Amino acid sequence: MSSNPTPTREIPRHGPPPATDQPIHDALHAAVGAGMPRRSLELYARWWQLETWLRDLAYVELRALRGVSWIDALKTATGRQAQDAAFTHMSSADTDNPLAYLDYRQLVSLIDDHWDQCGYALIERQAWAGRQIELARIRHRIGHVRSAHRDDLGRLEQTLRDLERGRFISYASYNRRQVPDPSEHADPVTTGWVRRRHPTAQRLIAHAQRQYETRLRIGISKRPCARWPQDLADAPGLLWHADFYMRERTIDLRRLWHDSAVADIQPLLVHLLADNPWHVGFTFTAVDDAQAVSDAVGAAFDAVLLCSGVGLRDDDQWTRWRHRASDLDYRVAAAGPWTTIDENTVPVSLFGAGGEVESTPPW
């Protein structure tokens, strides 16, 4: 008897679609009904996938390389971010993200300047540079709301298919975590949280497990461009991960993000992550001050316990949780690929553009 092939997965989406999606469907239906070409709508969606992924890639690699000084790599100052800051009533989730204010040409230039860090996730460098000539034409047509060429969508989807492998590696390497051996490493994070010498670790780890059924897992990951160093302090290309897992209690990401303790450590945060209401993770860089990162883990621990509560697991919980977790900040990633894609998530299609990763590639 022949077996059916394993179906290709796309990025998981937990729970039913929120009711707030209905206005989106209504707007798209009205636009097409009023004469907007379906080809243009499809093209805009595909371009959004491409450009937002390149910004995510640049952000993570620059943060891992430079830590809190990552913004120094953005040589081009547009002034638009400062202008937007005055309109606080119109702030969006990426208002504070300087990468969101680079146009596509500037973004590609930034990636080219940091090819050693970003190139693994793209295609061969000369081929990538040549591809930008046609992509720029497509971007111009989109930016000026001009009619799409009949081959624009195909060209763009081919690029997305070409980027499937690199995007998978970026996520999978992020989620390939190791627990540092305290007999080999004496940096403040390992000593403080694996060896449990930090005052907050001594105060909270056992207490949280006993009273809150909440446990902490500390890990470290390496970006594909980096090498494991002898000393985990001041180590470019490495990321610290502090993940909190709860049994019955749930976490409100919006309340957590706005907690004063979390606000204090936000400059050090690469990501605030969650893949469900019972898990939340904090990502920091190893290149930043190691004692400051160790202290930030302690601040995060206190905030998680303070902002968690007993939640009911009813049919509407996913919808409520996703709604509360959405549109917070560009550093908040809820139920997305930074939390869900690892080496076992194959076969998978990350862009859904006809490409897939059939087996875990080496890196």
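Before any of the text, the structure's been laid out above.
The notes below deal with the structure included here. This is a predicted model, so every value here is computed, not measured.

This paragraph deals with the overall build of the protein chain. Along the protein chain, the regular secondary structure elements total 15 helices and 9 strands. Here the protein chain holds 363 residues, and the buried ones make up 48% of them. In the protein chain, once contacts between residues fewer than 6 apart in sequence are set aside, the share between residues at least 24 apart is 74%. Here the protein chain has roughly 18,500 Å² of accessible surface; of this, 49% comes from carbon and sulfur atoms.

It is worth spelling out the pattern of salt bridges at this point. Applying the stated rule across the entire model yields 16 salt bridges. Notably, a salt bridge pairs Arg46 with Glu157, separated by 3.0 Å at the nearest N-O pair. Linking Arg46 in helix α2 (residues 38–66) with Glu157 in helix α7 (residues 152–162), this pair joins segments that are 111 residues apart in sequence. When its relative accessible area of 18% is taken as the criterion, Glu157 is described as buried. The structure contains a network of salt bridges with shared partners spanning Glu134, Arg141, Asp152 and Arg155.

Interhelical geometry of α2 versus helix α4 (residues 104–113) gives an angle of 40° and a closest axis separation of 11 Å. Between α2 and α4, the crossing angle belongs to the class labelled oblique. Between α2 and α4 lies a crossing whose hand is left-handed. Contacts from Trp47, Leu50, Glu51, Leu54, Arg55, Ala58 and Leu62 of α2 reach α4 at Tyr104, Leu107, Leu110 and Ile111.

Bringing helix α1 (residues 22–33) into the picture now. Between its first and last C-alpha, α1 extends 16 Å over 12 residues, near the 16 Å set by a 1.5 Å rise per residue. Just downstream of α1, Gly35 is the residue with a positive phi angle, here 115°.

Let's shift gears to the layout of surface pockets. Of the pockets and cavities examined, the second largest pocket occupies roughly 290 Å³. As for the second largest pocket, its lining consists of 18 residues, of which Asn175, Arg177, Arg217, Asp243 and Tyr245 are closest to the centre. Contributing elements (two or more residues each) for the lining of the second largest pocket: β2 (214–222), β3 (238–246), β5 (271–276) and α15 (337–340). A per-class count over the lining of the second largest pocket returns 6 nonpolar, 7 polar and 5 charged.

Scoring rules and cut-offs
- Residues numbered from 1 in each chain as written.
- Predicted model: local features only at pLDDT ≥ 70, side-chain atom pairs only at ≥ 80, totals over all residues.
- Heavy atoms only, no water.
- Helix = DSSP H or I, 4+ residues; strand = E, 2+ residues; numbered from the N terminus.
- Buried < 20%, exposed > 50% of the residue type's maximum accessible area, 1.4 Å probe, protein only.
- Contact = heavy atoms within 4.5 Å.
- Areas by Shrake-Rupley, 256 points an atom, 1.4 Å probe, with all protein chains shown as cover.
- Salt bridge = Lys/Arg side-chain N within 4 Å of Asp/Glu carboxyl O.
- Axes fitted to C-alpha atoms, helices over the stretch in contact; angles between N-to-C directions.
- Parallel < 35°, antiparallel > 145°, perpendicular 65-115°, else oblique.
- Left-handed = near helix turned anticlockwise from the far one by under 90°.
- Expected span 1.5 Å × (residues − 1).
- 1 Å grid on protein atoms, 1.4 Å probe; cavity = no way out; pocket = protein on both sides within 12 Å on 5 of 7 lines; lining within 4 Å.
- Points joined across faces, edges and corners; volume = space filled by probe spheres on them.
- Nonpolar A, V, L, I, M, F, W, Y, C, P; charged D, E, K, R; others polar.

Purely geometric stuff here, so don't read any function into it on its own.
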